[in-house]
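One-letter residues, chain by chain:
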Amino acid sequence: MNKKKNLSGKPERLDYWLLGAALLLACFGLMMVLSASGIMAERFFDDKYIFFKKQAVFLVAGTFMMYISSRLPKAVFYNMVYVWLMAAFVLLLLCDFSPLSVAAGGAKRWIALGPIRIQPLEFCKPALVLYLAYFFSRKQELIKTFSVGFLPPFAITGVLCLLLMMQPDFGGSVFLCMILFFMSLVGGTRISYLLTSLIFAGGAGYMLITSSPYRLKRMTAFIDPFKSAHEEGYQLVQSLYAFGSGNVFGQGLGAGKQKLFFLPEAHNDFIMAVVGEELGFIGVVAVFAVIGFLIWRGFKIALAQEDLQDRFTAYGLTIMLALGFCLNLAVVMGTVPPKGVPMPFVSYGGSSLMISCICIGILLNLSRGKV
């Protein structure tokens, strides 16, 4: 098969640096899932490799989806923007109102299709990015107006957030609002509209937190986790203990103690605490470096695009991944209130890993012949 060529006659190469960084993170995550989940899996499932094997299957499937996304014509993504958006709405409705939804931890955030569980929030993120990229690229002449440039994207995002709040998923709603804010910022929305929306969003967030005893307790536990170290602040305290005991070089891969039933969700949202304990400051800095490199390549791809929709799409997908990285690290280190945000490529979970791989695949698609 002949490779596509640009105007100079040279083959249009993918951004292999981005590909390498993503695969390195994914393989590292697979190793850490084994380390963080082995003891727990053996006790509760009589198979210490069960989460490792599932994550390996997710990684193979995700890599395949990454390859497909990097080869498909862009029209498949762009001409079906509203199809992806409607699919996100349908998944959220199924999660909120159908018997297919699965409740866990007092919330319904998954859909069970036989042995497969789907988290609709993860599919909402790229669907929203693709819609916003389409919207801002097509409405530039009216983007400063309130009725056309402001209301539609904020209304669409608002409906998605409303459906998420019915689960309830306050953290997921905040994530989508952050995607909207950053894309509106570069899309050309008036700063006065954005500042006003921030004020209203802050007020709504305050009312939601204070009206829910559960959310209020989590907020106070974030401010002083050691005051409720055996209750709401327990998970954050155990995470901080893990980072503290890792010191500079860590306890050694597989030698961490906090995963021994002290740190809940050790292989999921708090897997970076296990990284900090077992690989120490050096290991965490190395992960930071790979993440920073991946984000840099994503922004470089965005800046290299000549078409406005391509540029907004690459920017939005990079922002989506960057928010996942930053919010997860901020939560496990206690710098923002706790919320369920998986670490892209590293945390256990099929929905998160598959969507992260698809995002990288689209970025690779856009990078062809550009970097």
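None of the values given here were measured: they were computed from a predicted structure.

A. Local environment of the overall build of the protein. Helix and strand counts for the protein stand at 14 helices and 3 strands. A compact globule built from 371 residues should have a C-alpha radius of gyration of about 21 Å, and the protein, at 21 Å, falls within 12% of that. Structurally, the protein occupies a C-alpha span of about 55 × 55 × 40 Å along its principal axes. Nonlocal contacts in the protein, meaning residues at least 24 apart in sequence, comprise 70% of its contacts between residues at least 6 apart.

B. Here's a closer look at the packing of aromatic side chains. Scanning the entire structure with this criterion turns up 17 aromatic pairs. Between F58 and Y348 the ring centres are 6.2 Å apart and the planes differ by 50°, which places this aromatic pair in the tilted class. Remark: Y348 occurs in the loop between α13 (308-332) and α14 (350-367) and F58 occurs in helix α2 (residues 50-71); sequence separation between them is 290 residues. A relative accessible area of 25% means that F58 is categorised as partly exposed. Ring geometry for Y82 and Y131: centres 6.0 Å apart, planes at 65°, overall edge-to-face. Separated by 49 residues along the polypeptide, Y82 in helix α4 (residues 81-97) and Y131 in helix α5 (residues 120-138) bring together distant segments of the chain. Each residue in the set Y82, Y131, Y134, F135, F136 and F312 is aromatic and connected to the rest through ring pairs, giving one cluster. Here the guanidinium or amino end of K125 rests over the ring plane of F175, the centre of that ring lying 4.1 Å away. When the ring centre of W296 is taken as origin, the NZ or CZ atom of R297, which lies over that ring, is 4.9 Å away.

C. Examining the pattern of salt bridges more closely. Counting across every chain of the model gives 5 salt bridges. In this structure, the salt-bridge partner of D47 is K53, at a minimum N-O distance of 2.8 Å.

D. Region of interest: the environment of G292. Looking at the secondary structure, you find G292 in helix α12 (residues 271-304). Taking relative accessible area as the criterion, G292 reaches 37% and is therefore assigned partly exposed. Between the C-alpha atom of G292 and that of F325, which follows or precedes it by 33 residues, the distance is 9.5 Å.

How each quantity is defined
One numbering rule holds for all chains: residues counted from 1, following each sequence as written. Selection of residues for local features in this predicted model requires a pLDDT of at least 70, selection of side-chain atom pairs for listing and counting requires 80 or more, and totals for whole chains, interfaces and linings are taken over all residues. Side-chain numbers come from the whole structure's heavy atoms, not from hydrogens or water. The numbering of helices and of strands both runs from the N terminus, where a helix is a DSSP run of H or I of at least 4 residues and a strand a run of E of at least 2. The quantity called the radius of gyration is restricted to C-alpha atoms. Its globule counterpart is 2.2 Å times the number of residues to the power 0.38. Contacts were defined at the residue level, with two residues in contact if any of their heavy atoms lie within 4.5 Å. Two aromatic rings from Phe, Tyr or Trp, using only the six-membered ring of Trp, form a pair when their centres are within 6.5 Å; if the ring planes differ by under 30 degrees the pair is stacked, by over 60 it is edge-to-face, and anything between is tilted. Categorising residues by exposure relies on relative accessible area from a 1.4 Å probe, with only protein chains included: less than 20% of the type maximum marks a residue as buried, more than 50% marks it as exposed, and the intermediate range marks it as partly exposed. Ring-over charges, as used throughout, are those where CZ of Arg or NZ of Lys falls within 6 Å of the ring centre and within 35 degrees of the ring normal. Here a salt bridge means any side-chain nitrogen of Lys or Arg lying within 4 Å of a carboxyl oxygen belonging to Asp or Glu.

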